[in-house]
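Survey of secondary and tertiary structure
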Amino acid sequence: MNRKIPIAKPNFGKEEETAVKEVLESGILASGPRTKQFEKEFAKYIGVEHAIAVTNGTVALDVALKALNLGPGDEVITSAFSFIASGNCILFQNAKPVFADIDPRTFNIDPSDVAEKITSKTKALIPVHMFGQPAKMDALKEIAEDNRIFLVEDAAQAHGAEYKGQKAGSIGNMGCFSFYATKNMTAGEGGIITTNDTELAEKARLLINHGQNQKYHHDTLGYNYRITELCAAIGSVQLQKLDEFNAKRRENAQLLTQGIHRLHGLTVPYVDKDVTPVFHQYVVRVEENYPRSRDELADSLTEKGIGVAVHYPIPIYRQPLYQKLGYGETKCPNTEDACRRVLSLPVHPLVDRKDIEYILDVLKKVSL
Ligand SMILES: Cc1ncc(COP(=O)(O)O)c(C=O)c1O
C-alpha cells in the first residue's frame, strides 16, 4: 500500500486551538495584546529591537521597501530564483528589479554577480535566504555598505536560520518573514518586518495603519496591513515550537541526504559552513546523467504517494508579466539551470522515519 506524504503540512496542536479560542472569547480581534506580545517575542527571538507584524510576507516586503522611500528610476537587485513576491515588491514601488544570478550549489544570490549589477541607480539589495539557508551575508553586507545601499533580507523561508551565529532577519537594515501555511512556522497567513532601525520601524508602523499617528489623525498615506489577533495568537504558539520544528527538519534532511547521496545523478543540498539552515525545503538537483528527466522523477514519486514540488520552475524575469515589462533579454544561466533541475522532497516535521525510509526506498527503485 502506498503511503501518502504531503510536501507540506501545518503542524498544530491543542495549544493553537486554545490560543484561538481565547482570542475569540476576548472579543478583541485586531490591534490588541496578542499582536504586541507576538511582535515582542519575535523581535527577541531574532535578536532585533523592533518587529512589526503584518498581513503576509508580500506586504512585509512591500512595506519595508516603502519605508525606504524607493521610487521610479531606482534599481533594486534581487534573485530571480525565488517566489514572485521577491520581484513584485520592487515593482510595487515603481522601481526596477535587477536580477543577479545564483550560486548553483546554495541557490542563493551570488555576491560577485551582485557586484557586477550595481549601478549609480541601485538603492537596495534583497537577498532571499533560499530554502532556509542564509545567503552570503558578509559579502553582501560589504557590497551594501561600500555602495551605500539598503540591505533587506527576504527571510520568508528562513525563520530561525543562522549566518555565523546571527539569525536571518537581523543582519540587514530590515528582515521580512512570511507566516503562510507551509512555512517553518505559520499563523495561517501573516508576515513580520524585523529591524534595529527605530526610524524605519516607525515608518513601517505608520504605513500599515493608515498613516495614523494618533486616532483619526493621518499624516501620511497608509494602508490597513495589520495582522489579526487570531493570527498573532497562532504565531506566538508556533514561535515557541519553532526550534523543535527546525531541529526535526534538519534531522529529516540528514537522513534523506544519507540515503540519496549515493544515487547516481542526484545532487543533495549543499550546506555552507557558515550557516545553520532550517530546510524550509529539501531540494535535490536532478542532473543530466540521472536516468530520467526531473519531471519523470516527479511523476514517479507522485504516483507512489510522495508529495513533490518544483520551487521554482520559471525565473521571475521569464514570467509573462516581466516579459511584458521588457525583461526579454535578461539571462541568469545558473538560475535557468536550477529551474530545470530542482525537485523538493518532503522534509517537514510531520515526516517520520518510516516516511523517510519509504521515500528512500522508492527513490532507489526509480533511480535504476
Ligand atoms: C521567498 C519568499 N518571499 C516572499 C514570500 C511571500 O510571502 P506570503 O506568501 O506570506 O505573501 C514567500 C512566500 O510565499 C517566499 O517564499
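Throughout this document, residue positions are counted from 1 along each chain, in the order its sequence is written. pLDDT decides what is reported in this predicted model: residues at 70 or higher carry local features, side-chain atom pairs at 80 or more are listed and counted, and totals for whole chains, interfaces and linings draw on all residues regardless. Neither water nor hydrogens contribute to the side-chain values; these are computed over all heavy atoms in the structure.

What follows concerns helix H2 (residues 33-46). Secondary structure elements follow DSSP: runs of H or I of four or more residues count as helices, runs of E of two or more count as strands, with numbering from the N terminus. The span one expects for a helix is its residue count, reduced by one, times 1.5 Å. Over its 14 residues, H2 extends 20 Å from the first C-alpha to the last, a length consistent with the 20 Å expected when each residue adds 1.5 Å. In this scheme, a residue with accessible area under 20% of its type's maximum is buried, one over 50% is exposed, and one in between is partly exposed, where area comes from a 1.4 Å probe on protein chains only. Within H2, burial applies to Thr35, Phe38, Glu39, Phe42, Ala43, Tyr45 and Ile46. In a view along the axis of H2, the buried residues occupy a sector of 160°, so they form one face of it. Away from the buried face of H2 by more than 90 degrees, exposed residues Pro33, Lys36, Lys40 and Lys44 are located. Gly47 lies just past H2 and shows a positive phi near 90°. Here the arc refers to the directions that run from the helix axis out to each C-beta atom.

The distinction between a cavity and a pocket rests on a 1 Å grid over the protein atoms alone: a 1.4 Å probe fits inside a cavity but cannot get out, while a pocket stays open yet meets protein on both sides within 12 Å along at least five of seven lines, and a residue with an atom within 4 Å of a point counts as lining. Grid points are joined across faces, edges and corners, and a volume is the space filled by probe spheres set on the points. Of the pockets and cavities examined, the largest pocket occupies roughly 430 Å³. For the lining of the largest pocket, the secondary structure elements donating two or more residues are helix H3 (57-67) and helix H4 (85-91). Residue contributions to the lining of the largest pocket peak at three residues, all from H3. Here the lining of the largest pocket is composed, by residue class, of ten nonpolar, twelve polar and three charged. Looking at the second largest pocket, it is lined by 14 residues, and the ones nearest its centre are Ser31, Thr35, Glu39, Arg205 and Asn209. Residue assignment for the lining of the second largest pocket shows that the elements contributing at least two residues are H2 and helix H7 (198-207). Its residues assigned to classes, the lining of the second largest pocket comprises four nonpolar, five polar and five charged. Here the nonpolar group is Ala, Val, Leu, Ile, Met, Phe, Trp, Tyr, Cys and Pro; Asp, Glu, Lys and Arg are the charged ones; every other residue, Gly included, is treated as polar.

With that settled, consider the site of the ligand. Put simply, a residue is near a molecule or strand once any heavy atom of it comes within 4 Å of that molecule or strand. Neighbouring residues of the ligand: 16 residues in total, closest Gly57, Thr58, Asp154, Ser178 and Lys183. Any N or O atom pair separated by 3.5 Å or less is treated as a polar contact, with the protein-specific requirement of one donor-capable and one acceptor-capable atom, and with residues adjacent in sequence counted only for side-chain atom pairs. Contact between the ligand and Thr58: an oxygen atom at 2.5 Å from a side-chain N or O atom of the residue. Between Ser178 and the ligand, the recorded distance is 2.7 Å, taken from a side-chain N or O atom to an oxygen atom. Values of accessible area rely on a 1.4 Å probe in the Shrake-Rupley scheme; residue burial ignores everything except the protein chains shown. Protein chains bury 93% of the 380 Å² of accessible surface belonging to the ligand in isolation. Molecule-in-pocket calls rest on the fraction of atoms, with more than half required to lie within 2 Å of the cavity or pocket grid points. Using a 2 Å cut-off from the grid points, one finds that the ligand occupies the largest pocket. Examining the composition of the shell around the ligand, we find that three residues originate from one element, H3, more than from any other. The residue makeup of the shell around the ligand, split by class, is six nonpolar, eight polar and two charged.

Let us now look at the nonpolar core. Buried Ala, Val, Leu, Ile, Met, Phe, Trp, Tyr and Cys residues form a nonpolar core when they are joined through side-chain atoms within 4.5 Å. Counting residues in hydrophobic clusters, the biggest one holds 29 residues, and the most contacted among them are Ile260, Tyr282, Leu297, Leu301, Leu343, Leu345 and Leu363. Only helix H8 (229-260), strand E14 (282-286), helix H9 (294-303), strand E15 (342-345) and helix H12 (353-366) provide two or more residues apiece to this core. Sequence-distant contacts of Leu297, that is, excluding residues within four places in its chain, are made with Leu266, Val286, Tyr290, Arg292, Leu343, Leu363 and Val366. With 28 residues, the next largest nonpolar core counts Ala67, Met174, Ile208 and Tyr225 among its residues. We call two residues in contact when some of their heavy atoms are within 4.5 Å.

This part takes up the pairing of strand E5 (residues 150-154). Counting buried residues along E5, four of its five residues qualify, which places the element largely inside the surrounding structure. Note on pairing: two strands pair once DSSP finds at least 2 bridges between them. In terms of strand pairing, strand E4 (residues 122-126) meets E5 through two bridges, oriented parallel. Each residue of the ladder has a partner; that of Leu125, found in E5, is Leu151. Taken together, E4, helix H6 (residues 137-147) and E5 constitute a β-α-β crossover, and its handedness is right-handed. The crossover handedness rule: strands pointing away from the viewer, path from first strand over the helix to second strand clockwise, crossover right-handed.

At a minimum axis separation of 8 Å, H2 and H8 run at an interaxial angle of 30°. Accordingly, the angle class assigned to the pair H2 and H8 is roughly parallel. When the axes of H2 and H8 are compared, the crossing they make is left-handed. Here Pro33, Arg34, Thr35, Gln37, Phe38, Glu41, Phe42 and Tyr45 of H2 lie close against H8, whose contacting residues are Glu229, Ala232, Ala233, Gly235, Ser236, Leu239, Leu242 and Asp243. Considered class by class, the residues forming the contact of H2 with H8 number eight nonpolar, four polar and four charged. Here the axes come from fitting lines to C-alpha atoms, over the contacting stretch only for helices, and the angles between their N-to-C directions go from 0 to 180 degrees. Any angle from 65 to 115 degrees is called roughly perpendicular, while one under 35 is roughly parallel, one over 145 is roughly antiparallel, and all others are oblique. We call a crossing left-handed when the near helix sits turned anticlockwise from the far one by less than a right angle, and right-handed when that turn is clockwise.

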